Amino acid sequence: QVILDTLDAESTIKDTRALVLPGETGPAISNDAQIAILGALNSLSSRDMISYATHEVISHVPTPEGSQIVEQGSNEARVWAALPLKGQGEPITPNQLKKAVGDEVAKVGQGRAFKNGWIAKEGDGLVKSAPEIKDITRDDLLEIKSTGTLKSGEKALADLRKRKLIVQKKGQWFSVTKGPSFSTSIAKPETDLTVEMLASGSWKTSAFKKYNFEAEGIPTNGGALHPLLKVREEIRNIFLEMGFAEMPTQSFVESGFWCFDALFVPQQHPARDLQDTFYLSDPAISLPPKKDYYGLVSKVHEHGGFGSTGYRAPWVEEESRKLLLRTHTTASSAHMLYKLAAACRGEKISSDKGEYTHGASSTTGSDRGDPAQDDGFRPAKLFSIDRVFRNETMDATHLAEFHQVEGVVADRNLTLADLIGFMRVFFDKMGIEQVRFKPAYNPYTEPSLEIFAFHPMLNRWVEVGNSGMFRPEMLEPMGFPKDVRVHGWGLSLERPTMIRYGINNIRTLVGHKVSIEGIENSPAVRF
Ligand code: PHE
């Protein structure tokens, strides 16, 4: 309002430092006052009520030490004030003076006070030699504090700068003229076109606020990665840096054949029960399987072969053709291993798209002793991280679907030591340094190992994964040469994620009880 009224009376403002702001007695010389004025100028010019030009000046401000002098007086004045006037009391000894004003003030102040002729020696002590003094340092600093400069000129300013009592600071002031929409009062422009304005016709005369195309706008909510996806990315990076290629795992639906039979899981195995596996009702049955391979698998189950006695239990084709939601990603590994063995079966290798989606797998000969003749086998390191389904009773740590992390390595003459070594490196990269292995049982691996990790927060060993060397009953029907071994391991993605984020109920991580805010604010993971 001060700006508008001044413009109304004088038509221009040559220097905004001459304005007197509301509540102030003197002109708006200080930097802070000019910053406040700039805010008002911007707001008025956005309404086209004024236009203004900016001018730069160098001004001065007191340093902290200078500000202290403004408040308490200069060192020399404080020394002077602490002494009795000559002939009017006991002189004060240098030690007493130090006690009264402090070491620093006494030291610096005495010199200047002597030089100014304010104090004198008397015996062993000091006295005032001038009955009154003018504390010019303080007066100058006061003037600088309120005006940014000194009327007395540059020499005094330079002296104060040298004494580190003031510093230079860039400042601004402004000159102002009327704009096309000048008025002495600010009309609040409309920001919205409303139904009422349209109905009454008032829109025709209303003043509307101009669009500000420079405005940054309200920040939009970006998407946020779920903690499971963050951990998945880190684990994926571990596999990739270890030279693994990612397997395609997009088919959640598998046949009993690929989920179980190909893995030498007997048809009577409890995992295949309705209580454990979700079966599809429509369609319920898969397309007919590949005759040759299917025949070999059914034979090894029912009657044995490849050095095995088999299960010698009835085999039913229907069972293997049942469609189900895969219970483990080892079903996908079985598909990939079968594909890997294609060249060993003498099939021409198709350049199927989507075979490996990431990374590189070794396609050169194995360093584990090539056979005399190329039997078509090429070593491979494969991994996947995807969803599996189990008909579980749900509780704090179990859901009917979760994610499995799985790695398989195929090469000639691999041993259990290779598997253990691999897992040590792998878990170490996940930040799990202490691991232990315990003999276990899987229908498709022999030997099998459960992996335990020491959990420092829980102060106990927790199971983190399952692993083993795939059985010849699984590998040989696929067509792998006898010296090819495949080992693999699997773990859940949820377990390390929950440990990582300190979550103890799976429902806080997955499902309708998850807090979106928690997901947005969950930190990134670095193993
Ligand atoms: N499929 C196993 C599981 O679901 C994990 C595993 C993968 C074990 C590969 C051995 C080899 O727990």
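Colleague: Explain the sheet that holds strand S5 (residues 166-178) to me, please; I cannot follow it from the model alone.
Modeller: Across a sheet, paired strands are connected by hydrogen bonds in the backbone, their directions being either parallel or antiparallel. With respect to topology, three strands assemble into an open sheet ordered S1-S5-S2, the strand pairing being antiparallel. The sheet is open, and its two edges are formed by strand S1 (12-13) and strand S2 (50-62), each paired on a single side. As paired elements, S2 and S5 share 13 bridges and run antiparallel to each other. Paired with His55 across the two strands is Trp173, which belongs to S5. Against the sheet, helix H2 (residues 31-46) contacts S2 and S5, and its axis sits at roughly 30° relative to S5.

Colleague: How should I be thinking about the environment of Phe383 in this particular structure?
Modeller: Structurally, the position occupied by Phe383 is in strand S9 (residues 380-389). The spacing of Phe383 and Thr249 is 134 residues in sequence and 9.9 Å in space, taken between C-alpha atoms. Dropping the residues within four chain positions of it, Phe383 is found in contact with Phe239, Phe244, Glu246, Met247, Glu406 and Gly407.

Colleague: Looking at this structure, I do not really get unusual backbone geometry. What am I missing?
Modeller: Apart from glycine, the bulk of residues carry a negative phi angle, and the bulk of peptide bonds sit in the trans form. Along the chain, Asp282 connects to Pro283 via a cis peptide bond; the corresponding omega equals -5°. Relative to the helices and strands, Pro283 resides in the loop between helix H11 (256-259) and helix H12 (291-302). In the segment running from Glu446 into Pro447, the intervening peptide bond is cis, with an omega of -5°. Looking at the element boundaries, Pro447 is found in strand S12 (residues 445-455).

Colleague: What is the right way to read the environment of Leu340 from this model?
Modeller: In this structure, Leu340 sits in helix H14 (residues 330-340). Judged by local crowding, Leu340 falls into the buried class, with 26 C-beta atoms found within 10 Å. Note: C-alpha distance between Leu340 and Ala380 (40 residues apart in sequence) is 8.1 Å. If near-sequence neighbours (up to four positions away) are discounted, Leu340 is found in contact with Ala380 and Ala410.

Colleague: Would you take a moment to explain the site of the ligand for this structure?
Modeller: Near the ligand the following residues occur: His328, Thr330, Glu406, Asn442, Thr445, Asn466, Ser467, Gly468, Gly488, Trp489 and Gly490. Grouping the constituent residues of the shell around the ligand by class yields one nonpolar, nine polar and one charged.

Colleague: Just checking my understanding: could you explain the pairing of strand S4 (residues 125-128) for this structure?
Modeller: Side chains on a regular strand alternate between the two faces of the sheet. Of the two faces of S4, only the one carrying Leu126 and Lys128 is buried; Gly125 and Val127 on the other face are not. Examined bridge by bridge, strand S3 (residues 119-122) and S4 share four bridges and lie antiparallel to one another. By the bridge assignment, Ile119 is partnered in S4 with Lys128. A loop of two residues connects S3 with S4, the two strands running antiparallel in sequence, and Gly123 in this loop sits at a positive phi of about 60°.

Colleague: It is not clear to me how the packing of helix H10 (residues 227-241) against helix H17 (residues 494-501) should be interpreted in this structure. Could you clarify?
Modeller: Two packed helices can be described by the angle between their axes and the distance between those axes. Where H10 contacts H17, the two axes come as close as 10 Å, and the packing angle between them is 110°. One element, H10, and the other, H17, form an angle in the roughly perpendicular class. Every residue of H17 that contacts H10 at Pro227, Leu228 and Val231 is listed here: Glu494, Pro496, Thr497, Arg500 and Tyr501.

Colleague: How should the confidence of the model for the chain be read in this particular structure?
Modeller: It should be kept in mind that the predicted coordinates are not to be read in detail where pLDDT is low. In the predicted model, the chain carries a mean pLDDT of 90, and 96% of its residues have values of at least 70. Per-residue pLDDT stays below 50 along residues 353-364; that stretch engages in 24 contacts with residues further than four places along the chain or on separate chains. The ipTM, which scores confidence in the relative placement of chains, is 0.95 for this predicted complex, and the corresponding pTM is 0.61.

So, how was this worked out
Residues numbered from 1 in each chain as written. Predicted model: local features only at pLDDT ≥ 70, side-chain atom pairs only at ≥ 80, totals over all residues. Pairing = 2+ DSSP bridges. Helix = DSSP H or I, 4+ residues; strand = E, 2+ residues; numbered from the N terminus. Contact = placed C-beta atoms within 7 Å. Axes fitted to C-alpha atoms, helices over the stretch in contact; angles between N-to-C directions. Buried ≥ 20, exposed ≤ 12 C-beta atoms within 10 Å, placed from the backbone. Near = placed C-beta within 6 Å. Nonpolar A, V, L, I, M, F, W, Y, C, P; charged D, E, K, R; others polar. Parallel < 35°, antiparallel > 145°, perpendicular 65-115°, else oblique. pLDDT = per-residue confidence, 0-100.

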